[in-house]
Amino acid sequence: MKQSISDTYSSFFAPFIKESYLADEAIFRTRFQRSWFVIMILLLLFVPPFLGEYHIFFLTLVFIAIIGCHGLNILLGYTGQISLGHAAFLGVGGYTYSYLAMVLGWPFWLAIPASGLTAAGIGLIIGIPSLRIKGIYLGIATIAFQFIADYTYFHWESFSGGPQGRVVEAPSLLGISLTSRLSFYYICLILLFVLLWGAKNLMRSKYGRCLMAVRDNDISAEAIGVPVFNYKLLAFLVSSFYAGIAGSLFVIHMRNVFPDFFHFMVSIEYLAMVIVGGMGSVIGSIFGAIFIVLVPEILQNIVRFIASLFNNPELTVLMAPMRLVAHGCLIVLFILIEPAGLAGIWRKISSYWKIWPLPYI
């Protein structure tokens, strides 16, 4: 029997209708999402061997930024707690890895999780007194920890290496040194997948629901029996753990560690990632990290192209401030156009195509 256009349309969009809570809470709610996820994984696995060192370097940098950004997103986007010292926790992870791997000789597969746990422990210590306050006062408290961390990185030379930092050698696995950028790319890809998958499942659980209840209204959450202080500590703990992992991966990627890697402006960059990408969203962390890491490099390449076009290398120096201005204007533009960030724009586009060509049903 021949199907009508209406029947064909309904059968195609039937998967969007969920008849149970578990189906509605599934990570991939449609065949379309599952298909694109598989395509993306295949691209990330098989395309990089055909890319150059330059592109692999920046892809790895984006992966590390996504991990660190989502750590801050758990604290700020999902729980509503402001942190302006995220770079300090990145530094704890980076310096802990350099000490464990380079001084004590730990293998990287033990030093990386140990760095994350150390950052989580520091986050717990800082969070106990800090989370009795909220709003801008909590932000100021985290800035204070940032200053303490900066001082420690400079002056605790036996641990951090002091102002001159410390060289971080490439990790080795089964006696094989992973010196190529491609091998470390796959390590970061695996960790990114595991950590994002874990964060997504955390937010689908009752713990994630409680975190979002604290974000929306902590007084109402406490009135219905949610231990607000405990869940704020949980958010600080998980956020610091993700930051510690990202910091350890970053120093391995850069092959050294310096105090300048984790100064206050890095905290501002991660805050911009969360706001531009979209708070309280995994896809927002991905979009925000891509924007903040890659857009400055794209603008720099544009400046270089213009300088080569006019055969005037001095234009690169003269236009450098304009590149920073353009980057800042893009961030402000996204915030003005879509306060929900790039994730909000993505949701609007995807929602439109779900019901096209019947936009009013």
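The structure presented is a predicted model; accordingly, all values stated were derived computationally and were not measured.

Cut-offs applied
- Residues numbered from 1 in each chain as written.
- Predicted model: local features only at pLDDT ≥ 70, side-chain atom pairs only at ≥ 80, totals over all residues.
- Heavy atoms only, no water.
- Salt bridge = Lys/Arg side-chain N within 4 Å of Asp/Glu carboxyl O.
- Helix = DSSP H or I, 4+ residues; strand = E, 2+ residues; numbered from the N terminus.
- Buried < 20%, exposed > 50% of the residue type's maximum accessible area, 1.4 Å probe, protein only.
- Phe/Tyr/Trp six-rings, centres within 6.5 Å; stacked < 30°, edge-to-face > 60°.
- 1 Å grid on protein atoms, 1.4 Å probe; cavity = no way out; pocket = protein on both sides within 12 Å on 5 of 7 lines; lining within 4 Å.
- Points joined across faces, edges and corners; volume = space filled by probe spheres on them.
- Nonpolar A, V, L, I, M, F, W, Y, C, P; charged D, E, K, R; others polar.
- Axes fitted to C-alpha atoms, helices over the stretch in contact; angles between N-to-C directions.
- Parallel < 35°, antiparallel > 145°, perpendicular 65-115°, else oblique.
- Left-handed = near helix turned anticlockwise from the far one by under 90°.
- Contact = heavy atoms within 4.5 Å.
- Polar contact = N/O pair within 3.5 Å; in protein donor to acceptor, adjacent residues only side chain to side chain.

Peer 1: Any chance you could explain the pattern of salt bridges here in plain terms?
Peer 2: Where charged atoms from two side chains of opposite charge approach closely, those side chains can pair. On inspection of all chains with the given rule, the structure shows 2 salt bridges. Close ionic contact of D216 with R215 constitutes a salt bridge, the shortest N to O distance being 3.1 Å. Across the salt bridge formed by D218 and K232, the nearest N and O atoms sit 4.0 Å from each other. You can see D218 sitting in helix α11 (residues 218-223) and its partner K232 sitting in helix α12 (residues 228-254), a full 14 residues away along the chain. D218 gets classed as buried once you look at its relative accessible area, which sits at 17%. Given a relative accessible area of 5%, K232 falls into the buried group.

Peer 1: I keep staring at the packing of aromatic side chains and nothing clicks. Help me out?
Peer 2: For the structure shown, the criterion picks out 18 aromatic pairs. On the basis of an interplanar angle of 80 degrees and a centroid distance of 5.5 Å, the ring pair of F57 and F58 is categorised as edge-to-face. Under the relative-accessibility criterion, F58 is labelled buried at 15%. For the pair F250 and F261, a centre-to-centre distance of 5.3 Å together with 85 degrees between the ring planes defines the contact as edge-to-face. Here F250 is found in helix α12, whereas its partner F261 is found in the loop between β4 (256-257) and α13 (264-277), with 11 residues between them in sequence. Considered together, F250 and F261 belong to a single accessibility category, that of buried residues. Three or more aromatic residues link up through ring pairs in this structure, and these residues are Y95, Y153, F250, F258, F261 and F262.

Peer 1: What should I look at first to understand the layout of surface pockets in this one?
Peer 2: If a probe as big as a water molecule is rolled over the atoms, it shows which places are left empty. Put simply, the second largest pocket is a space of about 690 Å³. Along the walls of the second largest pocket sit 27 residues, with L61, F250, E269, I292 and V293 positioned nearest its centre. Mapped by element, the contributors of at least two residues to the lining of the second largest pocket are α4 (53-78), α12, α13, α14 (282-309) and α16 (320-337). A breakdown of the residues in the lining of the second largest pocket according to their chemical character gives 18 nonpolar, 5 polar and 4 charged.

Peer 1: Even after reading the chapter, I still don't get the packing of helix α5 (residues 86-103) against helix α7 (residues 136-155), so can you show me in this structure?
Peer 2: Where α5 meets α7, the axes come as close as 8 Å, and the angle between the chain directions of the two elements is 30 degrees. It follows that α5 is roughly parallel to α7 by the angle criterion. Crossing of α5 against α7: the hand is left-handed. Every residue of α7 that contacts α5 at H86, A87, A88, F89, G91, V92 and Y95 is listed here: F145, Q146, A149 and Y153.

Peer 1: What should I look at first to understand the side chain of S267 in this one?
Peer 2: Mapped onto the elements, S267 comes out in helix α13. Within polar-contact distance, the side chain of S267 engages the backbone nitrogen of A87 at 2.9 Å. Excluding anything up to four places from it in sequence, S267 contacts L84, G85, H86, A87, A88 and Q146.

Peer 1: Explain the packing of α13 against α14 to me, please; I cannot follow it from the model alone.
Peer 2: The description of two helices packed together rests on the angle between their axes and the distance between the axes. Taken N-terminus to C-terminus, the directions of α13 and α14 make an angle of 125 degrees; their axes are 7 Å apart at the nearest point. Comparing the axis directions of α13 and α14 gives the class oblique. Taken as a pair, α13 and α14 cross one another with a handedness that is right-handed. Between α13 and α14, the residues in contact are E269, A272, M273, V276 and G277 and G284, F287, G288, A289, F291, I292 and V293, respectively. By residue class, the composition of the contact of α13 with α14 is 8 nonpolar, 3 polar and 1 charged.

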